[in-house]
Structure formats: C-alpha cells, structure tokens
Amino acid sequence: MKKPLLLTLAATLAVTLLGSTAHAATGTGTGVLGDTKSINTTLKSGTYYLEDQTKYMYTQKGSSINTYNYRNGISAQYFWTDADNVWNTTTQRAAVDAHYYTGLVYDYLYNKLGRNSYDGNGAPMNVGVHYSTNYNNIFWNGSQLICGDGDGVTFRPLCGALDIVAHEWFHAVIDYTAGFVYNGQSGALSESWADAFGATLDNNDWLIGEDVYTPATAGDAVRSMSNPNAYGDPDHMDEYVTTTADNGGVHTNSGIPNKAFYNFATSIGSRDIAMKIWYIALRDYMTSTATFHDARLATLAACAQLYGSSSTYYTRLAEAWTAVGVL
Amino acid sequence: MNKKFVATLVLSSLVASAFAINAGAASDKQTLKDETGKVHSVDGKLGKLNGKTAEERALSAIEKVKGDFKIKADSKFKSKSSHKDENGTTHTKLNQTINGIPVFGSELIVHEANGDLQGVSGDYKALTANADKASLTDAAAIDAAVASTGFTGELSSPAQAELVYFPQGDQAVLSYKVNVSYLADIPGRWTVFVNAVDGSIVSATNKIESATGVGVLGDSKTINTTAKSGTYYLEDRTKYMTTYQGNSINTYNFNYGTSSQYYFTDADNYWNSTVQRAAVDAHYYAGKVYDYYKNSLGRNSYNGAGAAIISGVHYSSNYNNAFWEGTQMVYGDGDGSTFRALSGAYDVVAHELTHAVTEHTSGLIYENQSGALNESWSDAMAAVMDSADWQIGEDVYTPGISGDALRSMSDPASEGQPAHMNQYQNLPNTEAGDWGGVHTNSGIPNKAFYNFATAIGSRANAGKVWYTASRDYMTSTTNFSGARAATLKAAAALYGSTSSTYTALANAWSSVGVY
C-alpha cells in the first residue's frame, strides 16, 4: 500500500528538485533470457535513462540505481538511453536485467532487512554491463558492480541471473558489515553468505547461477546449496578442502555453511527468516576473521536476539550446523 | 578431527563456566573456546558498564573480560563502528591497536543493553610487535604492492597505503596495507601487505576470481602456473607435494608427435588459445585428482610419496585414446567425431591417474578378471570425483551425439557391457580379445559399485572403501569374488562389520551375482 505513495512522492520530488527536466518513468524491458519486465527509468530532455529514482534512498539523499555500458571495453562507461522507454534491443538485455535485479536487491535489503542500500546509508547502486569481451565473471570492485557477457559457452551475460546479481551486491554489504577477510574460512563465509542471499531472492531452487551457466546444458549450475557435492564442493567438515588455490578454497569450502543454511531454511520452512538471522549475525556478531565455528555462534546469538534461545528456530539452527560438522 | 573438536569444546565451556561459578563471578558466564583453547566469546550477565559513549562503555567492557581473552598489557582498542539494533542492544566493534597502530583482523564486538554487558565476541590476537617504526615510505610500499600484482596499466582508483600490524604466527608484522584496483581483461582488486621494514610482500589477496584458462569445452577455469623469467609455465607448485617433496604437476605438449615433449608457455598467464585448451584441462583436472586423493583419501600423489604428476597432450594425430604410460599421462586429441581431446573429461583424467594408483597398490594384472577390476576401479574413482552422473567419458565422447558415453556404471548394458555374472563374457586373453574383455566385464564390478554407492547415499564413502580395499586387501591376481571379500574387509575396517554400510556392500555384490 505504501509503495505507490512512495513512488508518487519520488516522482513529485524529482520534479520539484530538478524542475521539469527529469521525471521518474516506468519502462518495459526485455531481459537476457528474453523475458519482459517493468523497469524504473528517468526521462530527461525527451530521452529515457536507466536511472531508478523510485527508492527510499532517492527521497532521503538523492541516490538512485544507475546502469551504464562498458561497450565491451574495460575503462570508459556510457549512459544507456532509449527514445520510447521500451528497452528491447539485444544489446540492452544485459542492462535491463542488471537494472531490474539491482532494484530487487535494494528492495529486499530495505523492506526485509531494514538496510538502506549496501552501506546502510543510501549509497547509490551503480552497475556497468558489457565489460570486456567474452568475460566469464561479475564482480564488485569496491564502488560498482561490473558484469561480463560471458563467452556464450560457459556463461551468457551474468547479470541475467537474479541469484548472481544478489550474490555480488551482498559482497558489498559484507564489506560494510563484518568485512570478512577474503581468505580461508572467513573468505568461504563471504562466499556462503553471498550465496545464501542469492538463494533467498531467487528462491525457486537451491542452485546458484543456473539461469546463465552453460546455456547449452540444461539443469546444471555453478553451485548447489542443497547438494554441494554435485559440483565438487564439500557439505561437511569431514570433506573440508585444504588448498592454497582460490584464496584457500573460498568457492569450495563455502559448500559447508551453504548446506547449513539450506538445512536451517528448509527445517523452519522460511528462507526469509533464515536470511534475517544470517544478516543480523553478519552485522552484529561477526568480525573480519570469523571462522565456521564463529559463524555458528554468531547465527545462534542473532537467533536468540530475534526469536529467543528457547525457540524452535534456535534448536533447528543448532541442528543445521551440527549436521555439517560445525560444532 | 571433528569428534575431538566436540569433546574439547563442550569440555572447555563446562570447565570455564564451572570455574566462573566457583570464583563467585556472574553465575551465567559462559566462555566458548575452540580445540586450540582460543576464546571465541564470553557471554552472560557480565555487569554494568561505565561511560557516556558507546566506545567508552566498550572499553570498560574489555577491562571485565581481559582475563578471559588473555589480553596483553600493550594491547589497546579503538572503536571501529557501533550500532544499536532493533531490540535495543548496542554492538560496538573494537579494533586492537599496538603503539596506536591497528592490528589487522584483531577485532572484538561488545554487546550491551543500556549499559548492561551481555557479551564480548570476536578474534583477539595476542601478538608481539616486530617493529614500532616504518623504514619504508608509503609511496615505496605502493610501488612494491602494485608491482607484486604484475599489472602495469592505469589503476581504476588511486592506491592507498595504511600502516597496520599484520598477524603472522605470534608476531605483529609492521606492514602497509595497500589496496590495488584495476580494470583489465583480467581485473584485480588486491589487498597487499608490504613489510614496512624490509619492503617484502607479507600477503596478497585478489578478491576478483581470475579465470586464467579456457578448457576443451570452452569453459574457463583457474589454473596454477609458475612464472620463470617473465614467462608462465604449466607447472603447479601449490600442492603439498611441492612443500614436502619439491614435486609439481607439469603439463607438456607432444605437438602431434609421439616422442618429444615441449613446454607450454604463455606471456600473460591467460591460457585462452585453441591449442592450449587440451593442456588447460589436463593440468586442471590432474590438480583436482591430486587434491581428491590427498584431501579425501590421504594419499600424496599416485605413489603415496608425492611423485610428480606429468601429463602430455596433443599425442599423435586424431588419436582416440588416453593412457597411463607408467610414468606419465598421455592424451590424444581424438578424431573429432568419436572423441574430442580426451583431457576435456574430468572422469577420463581421474580414470587414467587411478590406473597409476592401482599400479602402486594392488597391482592388478591387466587381463581377465583382475584386468576388469583394474578398469572398474578406475571407473569407480572417476565417478566419485566427476560425480554429476554415472557415465564415463560423456564430456568428450562423440561430440556430435549428446547424452551418450563410453560406459555407464548405473546401466552397463546401455553401452554393451554385462551387469551380472550370468552375462560374463569369456573373451580370449589377446589384444583382439581386449585381454579377456577387461573393458567389457568391468561392467559387473561397476554395477556393484553403483549399487553400493547409491544404497549408502555417498560416492565418497564408497570410494573410500574401494580405495582401502585396493591398498590393503587386494593382490595382483584378485578376481571378482576376491574383490567382494576385499571390499567387505575394507568396509569392516572403516565402518565395522555390523554397520549398514557393510550389509549394503554385501547386497551390492550379491545383486550382480558375485559371491
């Protein structure tokens, strides 16, 4: 009920602040997978831009969600513009999804977790797409999200997957909360917390990246939270991998806390509640060098804070960690 | 290791709380330690805190728990952030300092509700500083940090250096923490610690995963290489065997011949040319197989003593095979219709390297039933590692036909193999007869392995039984019946002869007619 009011308010404010030169608008876009979605754009001097001024952070401090174009280069970024606010060209698809999914990430952080943007203080959320050529990755560079197009074999454009976009933005949230050191167990927690957020927003399966990974192979994914073994990742401390590669296996050992999250969320029947506990643990109970053991303690502390230590959730959570050998 | 962890953890927390009661302190005080004795949190009604600001109260909290965390006298703290949550609890994060300089990663969080201390958690490090003054300038540190990344272009944001203590063992090493970010074909977001006294690199971590190789199927993967005089080689020196035996995983190029092998080199460590693809996969999968044997089965390389793992790719032309030659792996490129480059399949690589393991354990003779077991053991370990399906070689077999494979362990008959002793094929012990049908009759023990792994719901545990049987209970002439007995002995040793695993294994063999 409040949303239309906010939107109108934002639109009004935009007009008030910037005169008649900028208007919040609602466009239609085609995403990476060919699906159609409604996106928030801004009209300036007769041209539409991928600038979303409808969020609380805009009314609060003028921050918006902005999506830019690397045009397959690695340095200069360009505005996306469109004459009729129907974003349906092939090159626009990656931008449409990056813009739309970033909006969903902002909404989840703000509405469900009470966090205003990744820094908790309304920082603008900027995304650059078409980075380099055939680039099979997406990353948070400390100030913006940067998406590659993939090589078409390993990946299609990576921002076409809500779980991946959510995962990457959550790395920014982590930078502003626990600030996990990206190595060993704290690095694996960084990966796992980002996966948990991805699976909370993209909640129709427990796979990560399935929408954009290996377009020619159906049903596979980058990782699975319900069955980490399916992609070679451990799901129990017995299988913990000691390695120097990948910063000490941050994308491998994340399977263990991932399975704990899966165990917990499925046993209580709510990814949202599980995520809330994971988020509070990250914000209030973990430091940059947290281990898996610390993560167990921190999530239990957060659960006790939110629901009490005699709640069913608390018991389920303890069981979820115990089942993966984190005691 | 984990069982020990439980006991220690429970014990130490009990001891701690019992001690606290005896000492007459807060009665619900609970100290949680790990197996090393390191304190992770102190919780309970720990008393009133003094101070107007959150930082002042947090610092007074440290005074109350300094005995629990064994905080040294020269360890000071300053507030990093403070936040009051939805329930009115304030969480103040403190960063340790020595000589006023922050200690990287040494942080404690003070949890308090309106001045009542509820707990302190985090990771305090008791360290001794190696120096109190930097000899290096911050500009020199930035230069050293940027140079260590190998990137020579323009940074996407100016590098900044901050003086910190970096924990290394029980030393606090005075270092500059330098953030180096750049956008390139392989972008970087490094955190580099440069020793502020001698300018050496203490630690360097890149937060952006760098895909450094493209495999046979066009997929990107991270491979471990070695730089020598400005050129990169396919030499993986990141393994345990490098540290303890000085050996590495090396991948060479037969260059379409059958005798001489050449080095693979690359100037920018981005292995993306077409001719490199077979090498990228041979190298990458050899590393994965090494890791599996080392981490999951406790075996250090195929000989159990850290032998170097050598692979040669582009063997001959249109060669539709891969083999373990006795000292190294050899991979053909395939003819493009029956096979693509065979190193492109993780299970093929695992299969061939397991032949090397078999040679160094049971030494199963490559003919008749012992030969079929040799084949089957390789297929089984391949399916343990490449665990997404029960097919062998599906990733490289008949590129034009999807869904087929060389063999199927779940349904051997689908690829023309027997799945039961009553289908056993008596073939001549000649090359034409495939040495008594070693690639045919392997379907029977393959199906037994499939039956067993699916019954117990763990390929990893089934693989452990198979490996232990080969290492400890099988000889070079073991036959199918002997394999049943050997795996049962291994299962009894690992899980006990009254375990459900043992029963499942006996049933698995019985159902393929092996008694």
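Everything numeric here is computed off the predicted structure, so don't read it as measured data.

Novice: Explanation requested: the overall build of chain A in the structure shown.
Specialist: Helix and strand counts for chain A stand at 10 helices and 13 strands. For chain A, the C-alpha radius of gyration of 20 Å lies close to 20 Å, the compact-globule estimate for 327 residues. By its C-alpha atoms, chain A is 60 × 45 × 30 Å across when sized along the principal axes. Here chain A holds 327 residues, and 60% of them are scored as buried. Expressed as a percentage of contacts within chain A between residues at least 6 apart in sequence, the contacts between residues at least 24 apart total 60%. Here chain A displays about 11,300 Å² of accessible surface, and carbon together with sulfur accounts for 51% of that area.

Novice: Help me understand the nonpolar core, please; the structure alone is not making it clear to me.
Specialist: A general trend in soluble globular proteins is that nonpolar side chains are found buried together. Residues W169, F170, W193, F197, W278 and M286 of chain A are the most contacted members of the largest nonpolar core, which totals 85 residues. Two domains each donate at least three residues to this core, and these are domain 1 (1–160) and domain 2 (178–327) of chain A. In this structure, A278, Y292, M409 and I444 of chain B belong to the second largest nonpolar core, which totals 76 residues.

Novice: Explanation requested: the packing of aromatic side chains in the structure shown.
Specialist: Aromatic ring pairs are reported here in terms of the distance separating the ring centres and the angle at which the planes meet. Taken as a whole and judged by the stated rule, the model has 48 aromatic pairs over all chains. Taking 4.9 Å as the distance between ring centres and 10° as the angle between the ring planes, the aromatic pair formed by Y56 of chain A and Y110 of chain A counts as stacked. Taken together, the residues Y56 of chain A in helix α2 (residues 56–61) and Y110 of chain A in helix α3 (residues 92–113) connect sequence positions 54 residues apart. The class of Y56 of chain A is partly exposed, set by a relative accessible area of 30%. In this structure an aromatic cluster arises from ring pairing among W193, W206, F261, Y262, F264, W278 and W321 of chain A. For the cation-ring pair, K294 of chain B lies above Y240 of chain B, with the distance from its terminal atom to the ring centre recorded as 4.2 Å.

Novice: Got a minute to help me understand the pattern of salt bridges in this structure?
Specialist: Any two side chains of opposite charge can pair, so long as their charged atoms come close to each other. By the definition in use, this model includes 29 salt bridges over all chains. Put simply, D107 of chain A and K55 of chain A hold a salt bridge, and the shortest N to O gap is 3.0 Å. With D107 of chain A in helix α3 and K55 of chain A in the loop between β4 (51–52) and α2, this pair connects stretches of sequence that are 52 residues apart. Classification of D107 of chain A as partly exposed rests on a relative accessible area of 22%. The salt bridge partner of D175 of chain A is R189 of chain B, with a shortest N-O separation of 2.9 Å. Of the two residues, D175 of chain A sits in helix α4 (residues 162–175) while R189 of chain B sits in strand β10 (residues 188–195), which places them in two different chains. Residue class for R189 of chain B comes out buried when judged on its relative accessible area of 16%. It is possible to trace a salt-bridge network through shared partners that takes in D35, K37 and D97 of chain A.

Novice: What am I meant to see in the packing of helix α5 (residues 184–201) of chain A against helix α7 (residues 255–268) of chain A here?
Specialist: Axis angle and axis distance: for two packed helices, these are the angle between their axes and the distance between the axes, and together they describe the pair. Residue and element names in this part refer to chain A. One way to put it is that α5 packs onto α7 with a least axis distance of 8 Å and a crossing angle of 35°. For α5 against α7, the interelement crossing comes out right-handed. Residues L189, S192, W193, D195, A196 and T200 of α5 form the contact with α7, whose participating residues are P257, N258 and F261. Residues that form the contact of α5 with α7 fall into these classes: 5 nonpolar, 3 polar and 1 charged.

Novice: So what exactly am I meant to see when it comes to the interface of chain A and chain B here?
Specialist: Interfaces are frequently sized by the accessible area removed from exposure as the parts join. Contacts between the two partners involve 48 residues from chain A, matched on the other side by 46 residues from chain B. Connecting chain A to chain B are 3 salt bridges. Our count for the chain A to chain B interface comes out at 18 residue pairs in polar contact (both at pLDDT 80 or more). Of all elements in the fold, only β10 (138–140), α8 (271–285) and α9 (292–307) of chain A reach the threshold of two or more residues within the side of chain A that touches chain B. Top contributing element to the side of chain A that touches chain B by residue count: α9 of chain A, with 5 residues. Partitioned by chemical class, the residues of the side of chain A that touches chain B number 22 nonpolar, 20 polar and 6 charged.

Novice: For this particular structure, what's the right way to read the environment of A304 of chain A?
Specialist: All names here are of chain A. With respect to the element layout, A304 can be found in helix α9. Overall, the relative accessible area of 29% leaves A304 in the partly exposed class. A C-alpha to C-alpha distance of 9.3 Å links A304 and I277, two positions 27 residues apart in sequence. Residue contacts for A304: discarding those within four places in its chain leaves S309 and Y314.

Novice: Would you take a moment to explain the side chain of N69 of chain A for this structure?
Specialist: Residue and element names in this part refer to chain A. By the secondary structure assignment, N69 is in strand β5 (residues 65–69). By relative accessible area, which is 9% here, N69 ends up buried. A distance of 2.7 Å separates a polar side-chain atom of N69 from the backbone nitrogen of R71. If sequence neighbours within four positions are ignored, N69 has contacts with A76, Q77, Y78, W80, V129 and H130.

Novice: How do you make sense of the pairing of strand β1 (residues 22–30) of chain A when you look at a structure like this?
Specialist: On a regular strand, one side chain projects to one face of the sheet and the next to the other, so that they alternate. Residue and element names in this part refer to chain A. By the bridge criterion, 9 bridges tie β1 to strand β2 (residues 36–44) in an arrangement that is antiparallel. When the bridges of β2 are listed, T30 appears paired with T36. Between β1 and β2, which pair antiparallel in sequence order, lie 5 residues; one of them, G34, sits at a positive phi of approximately 85°. For β1 and strand β8 (residues 86–87), the ladder comprises 2 bridges, and the chain directions are parallel. Residue pairing in the sheet places T28 in a bridge with V86 of β8.

Cut-offs and rules
- As a convention, each chain's residues are numbered from 1 in the sequence order in which they are written.
- For this description, chains carry letters from A and ligands carry numbers from 1, given in the order in which they are written.
- Given that the model is predicted, a residue must reach a pLDDT of at least 70 before its local features are reported, and side-chain atom pairs must reach 80 or more before they are shown or counted; all residues, however, enter totals for whole chains, interfaces and linings.
- Heavy atoms from the whole structure form the basis of all side-chain values; hydrogens and water molecules are not counted.
- Helix and strand labels come from DSSP, where a helix needs a run of H or I of at least four residues and a strand needs a run of E of at least two; each type is numbered from the N terminus.
- Atoms counted for the radius of gyration: C-alpha only. Globule rule: 2.2 Å times the number of residues to the power 0.38.
- Partly exposed residues are those whose accessible area sits between 20% and 50% of the maximum for their type, while under 20% is buried and over 50% is exposed, using a 1.4 Å probe and protein chains only.
- Residue contacts follow a heavy-atom distance rule, with two residues in contact if any of their heavy atoms lie within 4.5 Å.
- Note on areas: Shrake-Rupley, 1.4 Å probe, and residue coverage restricted to the protein chains presented here.
- Remark: nonpolar core denotes a set of buried residues (Ala, Val, Leu, Ile, Met, Phe, Trp, Tyr, Cys) joined through side-chain atoms within 4.5 Å.
- A domain assignment, automatic or from a database, supplies the domain bounds used here.
- Pairs were defined over the aromatic rings of Phe, Tyr and Trp, the Trp ring being its six-membered one, requiring ring centres within 6.5 Å. Orientation was assigned from the angle between planes: stacked under 30 degrees, edge-to-face over 60, tilted for the rest.
- The criterion is that NZ of a Lys, or CZ of an Arg, lies within 6 Å of the ring centre and within 35 degrees of the ring normal, and then a charge sits over that ring.
- Here, a salt bridge means any side-chain nitrogen of Lys or Arg that lies within 4 Å of a carboxyl oxygen of Asp or Glu.
- Angles here are taken between N-to-C directions and fall from 0 to 180 degrees, while the axes themselves are lines fitted to C-alpha atoms, restricted in helices to the stretch in contact.
- It is the rotation of the near helix from the far one that decides the hand of a crossing: anticlockwise by less than a right angle makes it left-handed, clockwise makes it right-handed.
- Amino acids outside the nonpolar list (Ala, Val, Leu, Ile, Met, Phe, Trp, Tyr, Cys, Pro) and the charged list (Asp, Glu, Lys, Arg) are all regarded as polar, and Gly is one of them.
- In protein, a polar contact means a hydrogen-donor-capable atom and an acceptor-capable atom, both N or O and within 3.5 Å, with residues adjacent in sequence counting only if both atoms are side-chain atoms; elsewhere, any N or O pair within 3.5 Å suffices.
- When DSSP finds two or more bridges between two strands, those strands count as paired.

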